[in-house]
Amino acid sequence: MERHDLYREHLTLKDIAIQTGALFLSAYRELNARKLFWVALALNALVVGAIAAIGIDEVGISVFGYRLGMPGVNTKLFPDGALHKLIIDFVGVGFWLSWLSTILALLSTASMFPDLATGGVDTLLSRPVGRGRLLLTKFATGLLFTALQVTVFAFLAFLVLGIRGGAWEFGIFVVVPLMVIFFSYLFAVQAVVGLITRSPIASVIVALLFWIFIFLIHAGEQFTLHGRTYSRLEIAAIEQKIETLQTETAKSGLVAMVESQRADADNWWLAHTVFFSIKTLVPKTTETAALVSRALAVSANIGSEEDDAQDDTEARRQRGFFRSQFFNERKLKAAIEEEMSHRPVWWVVGTSFAFECVVLVVGVWYFRRRDF
Amino acid sequence: MVAHAVLPSPHAHSSSQGLAIDLVDVTKTYAGRVHALQGVSMQVRRGEIFGLLGPNGAGKSTLVKIMTTIVRATTANGTVLGAPVGHRPTLARVGYLPEHHRFPQYLTGRQCVEFFGAMSLMRRAARRTRAAEMLEVVGMSAWADRRVGTYSKGMQQRTGLAAALVNDPELVILDEPTDGVDPVGRREIRDVLLAMREQGRTVFLNSHLLGEVEQLSDRVAIMLKGKVVRQGSTSELTHESRMWRVIIDRAAPAWASEFGVVSLLADDGRTPLADGRVVIEFKSDAVERVQELIDRLRAERIAILGVREARESLEDLFMRLVRDVDGRAKAVGAERPAGGR
């Protein structure tokens, strides 16, 4: 008895590869058919083109060959393509990729999962493909949008740095995986909301609101971290001051100040612990975007803004919300940076991935149980 | 379409013995209270065209979707192509055309058929060849490289049929395959289905079109309120309605009422018979009973002008099942609890 070619007890790896390849090819064709994909691609080229239009030499800076009245800005100040690197990091990555391009990507992929939950899914589900695998493959194909966009951006930026700045920085391509990871946090939320509500608009709105929520959590965590660090430094500085004082009368005033600061420190600690705990649970978009800058600094010698070594710390003005008469703002900043540097990449990406996985597991659970 | 000539069958479907579908006590309850299927048992033999009939809401599509894993059954025993219901790898040997299907609008017809071939595990060379063949079979070759978004409803339906057949399925499940197709296209699709049967494939046809099902199907099942109320060949189902009409040239003798109803109306039930003719009509499965009546009429020298056998059509049977005696439609959809939506 001859068996049908497609007779299977279990699917093989080759079977799975065929289906995955077909889904990716279909996703590519879908992107190709979307105007927004090409609009975003054109905007990518425009952003990098605008950066390429900026020229710098020993005399000064120019845009499309027209000199700007900024005589101090020249290759002495920004040698070896430093200006282009700075603009690519600040505008290209920090503003374009981390914000506008991400919003465009969310808009462009918004209908992907509502479509999966409404039209055409019957024909797909009647094929030998598990729902969990189908959903996760679809999710991966959604990331293709960002991957292609960022790859184009990175390639053009690479050319600009090489041609205009004379620095061929292959390390700039590190931006591709990191921005895909960054986008995947928000895309996971959008995908599952789209699957459940079957509404592209609702999925975009919820994803954007979620983004705002995690930004606020990040802002709250950073603010309370500043408060907590400030209190710690203030207490240490006052105690140091007390030791230098001779009279008990003089000391008593500062002792009272220390006691008051200790009570504040406890409050700051509690508030920061709450924010930090919440932040641990949700994706860390700001810190992931910061990882891009950090990675560019290491791998492509881009970014890594350092304070001027000649900066006179004592002369530096007190500024910001947290002001002290016992230590300067730079010390607070240094302490915060030290604290932040202790947060490893695995914590930033790992906990964010954990959240993403939980969201996707909920999505898979829902998709597997749904009747169509 | 060139069904007979081009519909290839690279595989000898020699495993066509036994049952392609054997469902036992399939139930589906939505939200714990809407009973869409209430213990459906159904057997479809390999190599036959099987028609599933039923009014809207009877549970036909739910049953089809359970077989294709689109809907999860509350309880389901039985097999599809010898594998338990819901066994996903077996779906590689099943072709399915859903009712209201929507293909990706950005794909061309050819890309679409090849995509579903790939999703059914076909290797690249095989699916390319087979997709081209199937598009030819359904008469879509000329439009194969245009986007599905530009297709008419009928063209989409033909492309859907090609996608359902691309994996050379042993079992083809078609939900309203001629929906939106013009009469010529319907005829062509019918020819494709008949060609599939000739090749030993099993066709499961879910359709509202009673004539279509009656014309094509070897056996049918009728569903009402989530249950199979009749199942068998058309002749088996209409067997009980076998009726005899014996026409005589004068008033019927008194004893004729023992056999059945004496009528003065023609076959259409409206037109009076001419020249004093009378009809004695009665339901009976036994030919001997007719013979007995003829013998008694001849013994009384009554001229017999005609003897006709009549049966209900599938449509008559269907309408009888879904309507009450007074002609009003019965509640035929899924059962909901009292006070429910």
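Colleague: Hey, could you run me through the sheet that holds strand S6 (residues 94-97) of chain B in this one?
Modeller: Strand pairing within a sheet occurs via backbone hydrogen bonds; the two strands may be parallel or antiparallel. Residues and elements named next belong to chain B. The mixed open sheet is built from six strands, whose spatial order is S6-S7-S8-S3-S9-S10. Only two strands of the sheet have a single neighbouring strand rather than two, namely S6 and strand S10 (227-232). Going across the sheet, the axis of each strand differs from the next one's by a mean of 15°, ignoring polarity. When strand S7 (residues 171-175) meets strand S8 (residues 202-206), the two strands line up parallel, connected through five bridges. Residue Asp 175 lies in a different strand from S8, and its bridge partner there is Asn 206. Set on the sheet, helix H10 (residues 314-322) makes contact with strand S3 (49-53), strand S9 (219-224) and S10; between it and S9 the angle comes to about 20°.

Colleague: Looking at this structure, I do not really get the sheet that holds strand S2 (residues 61-63) of chain A. What am I missing?
Modeller: All names here are of chain A. Across the sheet, three strands lie side by side as S1-S2-S3; this open sheet has antiparallel pairing. Edge strands, defined here as strands with exactly one partner in the open sheet, are strand S1 (54-56) and strand S3 (66-67). Sheet analysis places S1 next to S2, joined by three bridges and oriented antiparallel. Bridge assignment links Ile 56 to a residue of S2, and that residue is Ile 61.

Colleague: Would you mind going over the confidence of the model for chain A with me for this structure?
Modeller: Detailed conclusions should not be drawn from predicted coordinates in areas where pLDDT is low. Residue and element names in this part refer to chain A. Mean pLDDT for chain A: 86, with 92% of residues reaching 70 or above. When mean pLDDT is taken per element in chain A, helix H7 (residues 175-197) scores highest with 95 and helix H10 (residues 285-299) scores lowest with 78. With pLDDT under 50 throughout, residues 307-317 is counted as low confidence; its partners more than four residues away or in other chains account for 12 contacts.

Colleague: Please clarify how the packing of aromatic side chains should be interpreted in this entry.
Modeller: Describing an aromatic ring pair means giving the distance of the ring centres and the angle of the ring planes. All names here are of chain A. Inspection of the entire model under this criterion finds 22 aromatic pairs over all chains. Ring geometry for Trp 99 against Trp 211: centres 4.8 Å apart, planes inclined by 15°, an arrangement best described as stacked. Of this pair, Trp 99 sits in helix H3 (residues 82-108) while Trp 211 sits in helix H8 (residues 200-244), and the two are 112 residues apart along the sequence. The class of Trp 99 is partly exposed, set by a relative accessible area of 37%. Judged by its relative accessible area of 6%, Trp 211 is buried. Looking at Lys 284, its charged tip hangs above the ring of Trp 347, at a distance of 5.0 Å from the centre.

Colleague: Quick question: what am I supposed to make of the interface of chain A and chain B here?
Modeller: Interface extent is often summarised as the accessible area lost during association of the parts. In this complex, chain A contributes 38 residues to the contact, which on the side of chain B involves 43 residues. When residues of chain A are sorted by the area they lose upon contact with chain B, His4(A), Leu6(A) and Arg127(A) head the list and together hold 19% of the total. At the junction of chain A and chain B, the tally comes to four salt bridges. In this structure, Asp115(A) engages Arg102(B) in a salt bridge whose closest nitrogen and oxygen atoms are separated by 3.6 Å. Counting across the chain A and chain B interface gives 15 residue pairs in polar contact (both at pLDDT 80 or more). At the level of elements, helix H1 (13-33), helix H5 (121-125) and helix H12 (345-369) of chain A are the ones that each hand at least two residues to the side of chain A that touches chain B. For the side of chain A that touches chain B, the leading source of residues is H1(A), giving 10 residues.

Scoring rules and cut-offs
- Residues numbered from 1 in each chain as written.
- Chains lettered and ligands numbered in written order.
- Predicted model: local features only at pLDDT ≥ 70, side-chain atom pairs only at ≥ 80, totals over all residues.
- Heavy atoms only, no water.
- Pairing = 2+ DSSP bridges.
- Helix = DSSP H or I, 4+ residues; strand = E, 2+ residues; numbered from the N terminus.
- Axes fitted to C-alpha atoms, helices over the stretch in contact; angles between N-to-C directions.
- Contact = heavy atoms within 4.5 Å.
- pLDDT = per-residue confidence, 0-100.
- Phe/Tyr/Trp six-rings, centres within 6.5 Å; stacked < 30°, edge-to-face > 60°.
- Buried < 20%, exposed > 50% of the residue type's maximum accessible area, 1.4 Å probe, protein only.
- Lys NZ or Arg CZ within 6 Å of the ring centre and 35° of its normal.
- Buried area = accessible area lost by both parts, 1.4 Å probe.
- Salt bridge = Lys/Arg side-chain N within 4 Å of Asp/Glu carboxyl O.
- Polar contact = N/O pair within 3.5 Å; in protein donor to acceptor, adjacent residues only side chain to side chain.

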